[in-house]
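Below are the chains, spelled out letter by letter.
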Amino acid sequence: MIILTVKSLFIPSYALQGEDIPGHIIWDEINFGYIKIELPETILKKQLYNVRKEMVETAGNAVIIRNKAIEVDGYLGMLFSSKKIEDLAVTSRILFSFIGEDDVTLLKESREIYLFRPNIELVETPDEIKVDMEKRFVHNRIRARKNEEGTLLLKIRSVKDSEIQVETPNSMIGYIKRLLQNLQDEYAPLKEKYPHYSDFLERHLSLIEKGWTSQEDLKKFKQLAIDLNRIQLEDEDFAEKLFMAIMNSFWRSTRFLSVPEKLLKYLESVAHKKILLARPESVITVCPEPRILKLEILPSDRLLYAYDAIKVPDIRITGTAEGQIEIVKLFEWM
Amino acid sequence: MTKAPKKTRVSDDIGEEIYRILDETPVLHVKSREVSIRVPDSFCTFNAAASVNRQELGSGEICFPLDEIERISVHSLGSSEFARLDDLILKIPEGFQLSTKKIPEEVEGILLTFEYRIPDMSFLENIVKTSVAAEPSKEEDSYWMHAQLKRLKWFEDRYDRWQLLDTPFNVDVAIENEVATPIPPYFKRHLRLLRTLVKEQDPHKIPTLSMMLASSRRRIKADPYSLISSLEGLFDPQQFRRFVEVMPPFKYSHLKKGGEFLDFPTGIFPKTMSVTCRTKLDLETPACEGKLIYKKRDLYNEISKIFGS
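Small disclaimer: the values here were computed from a predicted structure and weren't measured.

Asks: Residues and numbers for the sheet that holds strand S14 (residues 287-294) of chain B, please.
Replies: Hydrogen bonds between backbone atoms are what pair the strands of a sheet, whose relative direction is either parallel or antiparallel. All names here are of chain B. If you trace the four strands from one edge of the open sheet to the other, you get S8-S9-S14-S11, paired in antiparallel fashion. Edge positions in the sheet fall to strand S8 (128-132) and strand S11 (244-246), since each of these pairs with one other strand and no more. Pairs of neighbouring strands in the sheet enclose a mean axial angle of 15 degrees, with direction left out of account. Sheet topology note: the S8/strand S9 (residues 142-149) ladder contains five bridges and is antiparallel. By the bridge assignment, Lys-129 is partnered in S9 with Gln-148.

Asks: Break down the pairing of strand S20 (residues 310-319) of chain A for me, citing the residues and quoting the values.
Replies: On a regular strand, each side chain points to the face opposite its neighbour's, so the side chains alternate between the two faces of the sheet. All names here are of chain A. Where strand S12 (residues 128-132) and S20 come together, four bridges link them in parallel fashion. When the sheet's bridge partners are listed, Val-131 is paired in S20 with Gly-319. Relative to S20, strand S19 (residues 291-300) is paired through six bridges, and the arrangement is antiparallel. Opposite Arg-291, over in S20, you have Ile-317 as the bridge partner.

Asks: Would you mind going over the packing of helix H7 (residues 224-234) of chain B against helix H9 (residues 296-307) of chain B in detail, with residue names and values included?
Replies: Residue and element names in this part refer to chain B. Closest axis-to-axis distance for the H7/H9 pair is 9 Å, and the angle between their directions is 165 degrees. Overall, the two elements H7 and H9 adopt an arrangement that is roughly antiparallel. Judged by the sense of rotation from one axis to the other, the crossing of H7 with H9 is right-handed. Across from Leu-227, Ser-230, Leu-231 and Leu-234 in H7, the residues of H9 making contact are Glu-302, Ile-303, Ile-306 and Phe-307. For the contact of H7 with H9, the residue count by class is six nonpolar, one polar and one charged.

Asks: Requested: an account of the domain arrangement of chain A, with residues and values cited.
Replies: All names here are of chain A. The domains assigned to chain A are domain 1 (6-116) and domain 2 (119-333). Each of domain 1 and domain 2 has a C-alpha centre, and these two points are 39 Å apart. Contacts between the two partners involve six residues from domain 1, matched on the other side by nine residues from domain 2. Here the side of domain 1 that touches domain 2 is composed, by residue class, of four nonpolar, one polar and one charged.

Asks: Could you give me a rundown of the nonpolar core, with the residues and numbers involved?
Replies: Leu-76 of chain A together with Met-145, Val-171, Val-173 and Leu-292 of chain B are the most contacted members of the largest nonpolar core, which has 138 residues in total. Top contributing element to this core by residue count: strand S10 (residues 161-174) of chain B, with six residues. Each residue touching Met-145 of chain B, except ones within four places of it in the same chain, is listed here: Val-132, Phe-169, Val-171, Phe-250, Cys-277, Glu-289, Gly-290, Lys-291 and Leu-292 of chain B.

Asks: Kindly report on the sheet that holds S10 of chain B, identifying the contributing residues and their values.
Replies: All names here are of chain B. Ordered in space as S4-S7-S2-S1-S10-S13-S12, the seven strands form an open sheet in which the pairing is mixed. Each edge of the open sheet carries a strand with a single partner, namely strand S4 (69-77) and strand S12 (251-257). Strand-to-strand twist of the sheet, defined as the mean angle between neighbouring strand axes without regard to direction, takes the value 15 degrees. For S10 and strand S13 (residues 272-282), the ladder comprises ten bridges, and the chain directions are antiparallel. Of the residues in S13, the one forming a bridge with Asn-170 is Thr-276.

Asks: Give me the lowdown on helix H5 (residues 185-199) of chain B, citing residues and values where you can.
Replies: Since the α-helix turns once every 3.6 residues, residues separated by three or four places project in the same direction. Look at H5 of chain B: 21 Å from first C-alpha to last across 15 residues, which is about the 21 Å you get at 1.5 Å a residue. Along H5 of chain B, the residues classified as buried are Phe-187, His-190 and Leu-191 of chain B. One face of H5 of chain B carries all of its buried residues, which in axial projection span an arc of 95 degrees. Facing away from the buried side of H5 of chain B, by more than 90 degrees, are the exposed residues Pro-185 and Lys-199 of chain B. Residues of H5 of chain B that are buried in the fold lie against helix H5 (259-269) of chain A together with helix H6 (206-219), H7 and H9 of chain B.

Rules behind the numbers
Residues numbered from 1 in each chain as written. Chains lettered and ligands numbered in written order. Predicted model: local features only at pLDDT ≥ 70, side-chain atom pairs only at ≥ 80, totals over all residues. Pairing = 2+ DSSP bridges. Helix = DSSP H or I, 4+ residues; strand = E, 2+ residues; numbered from the N terminus. Axes fitted to C-alpha atoms, helices over the stretch in contact; angles between N-to-C directions. Parallel < 35°, antiparallel > 145°, perpendicular 65-115°, else oblique. Left-handed = near helix turned anticlockwise from the far one by under 90°. Contact = placed C-beta atoms within 7 Å. Nonpolar A, V, L, I, M, F, W, Y, C, P; charged D, E, K, R; others polar. Domains from an automatic or database assignment. Core = buried A, V, L, I, M, F, W, Y, C linked by C-beta atoms within 7 Å. Buried ≥ 20, exposed ≤ 12 C-beta atoms within 10 Å, placed from the backbone. Expected span 1.5 Å × (residues − 1). Arc of directions from axis to C-beta.

Structure follows, in structure tokens:
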């Protein structure tokens, strides 16, 4: 009887839905007919390494890699993609079989992977909200709950026909201008020394200027993050200089703020356990006359994946006096 | 005319040129080639062990017109094992020259070692795939890491030994919960009052706000500024190091505050710490996995201790 030993078979035990799942099999050099990988519906084949691509077969959810398709015996590299699915969490199983020329299964192994994604749901949305401008207190807040594992990044914005618009405070506009200028100054020598990264630096500047206003922007941020990963691999020297340039710009742009103020801003952006808010200082202007606020929440996860926007039902807002209040104060996170 | 498909670059140009020159020279018969690339400083060591073809010795020098090469060393192989033969190498304006005529009679073979920095490492993307978990595991707050070679055959066919050393992995360890949660509500209230007071322009409101601030200050047992400073100190790489552990075959390299893409970055209090880990890949180990353990409970306790919460 042929005993086939797998020296190493790896699939991570958990991943965020939508995340690429790497894996590999390393085995001793023993003759087999083919390797069969049976994938669950939640997982798709993305790339196989050390194989002749044209010789890889698929049959339904199974991938068949014939012995002769393996370029160097003993190793198969794998990259799968996981799907975003309706269920917030699911445990999926991948089956690996080594089959002999005579169709006898020589070895069968499986690996389970827990696929999860965070989600936000509106638990309670009041028809009316009253804001005490004196005490800066909001009565009857919107209650939202985060479900499942994983971090959510949230952007709260008003829709076009909302009577009350979410605004960026002047202090923030000033900060963005300063940051942009400082980044431009810091990036100028980098562009000169590393002209092949000019496009990357320009795209970063453009996104800093525009910020995250739509899910399209998020895709651009995501691409930038992917490019940054590649750069960190291929040129650590540039990556280090880029990091220093960004940190210097952050520091120079916020030096007018006291350290306690910076800590407060930090704490305000952490809304709840694993809920991060983008631009938590965004405000709305309220006045004693009731006006309608139409909001939507743009959720994203650590992969900067743009989930569908959540529309908040229309809310009538009144303030005890005219003034501005941070939009996050309208929410209670659970 | 149909355009030829663009060739995927899988190696550095200098190594390729050294390979070609050695392959084409009739004086040497290359028996083995070993390449070792150190990723952080893009440094490559190319070793070639070759037997000497004495019939062809008279054909002159072997020229390596590559000014990127920093050093070439030569050692003897065979009966006079591993004697240095540095006088065989001559630095010339365009690179180096190996004077084959100077190879001593008794030397049967030589080991040539080329050391150079690779100016463009963009080919790495075509040969190695690195992956890092975006989120930690629920059970033990660890992040998986995985490295795998995309190609093996090309290297197997050409080299007896090929290795990629210290391939970097940047793990963004999310720390915001452990930073924000232990800070007591009365401390946050104090910070808010401080901000309101600084911004207040109505002189009639200032005395009341000052009293409120003094009252909130009494609940804080130490100087708020020194508490914030102690918190800030935790993000110093040397201090934060104790909150992460990297499991073999990966190793810890360094860490720094993570950059924030989507929110207000202050440059002081990070939401993530970017931990660089490294591992080695070679033809025998074309793939490996590792993990980084984030000791979040320790960080939480440390911050709780600072704030007395």
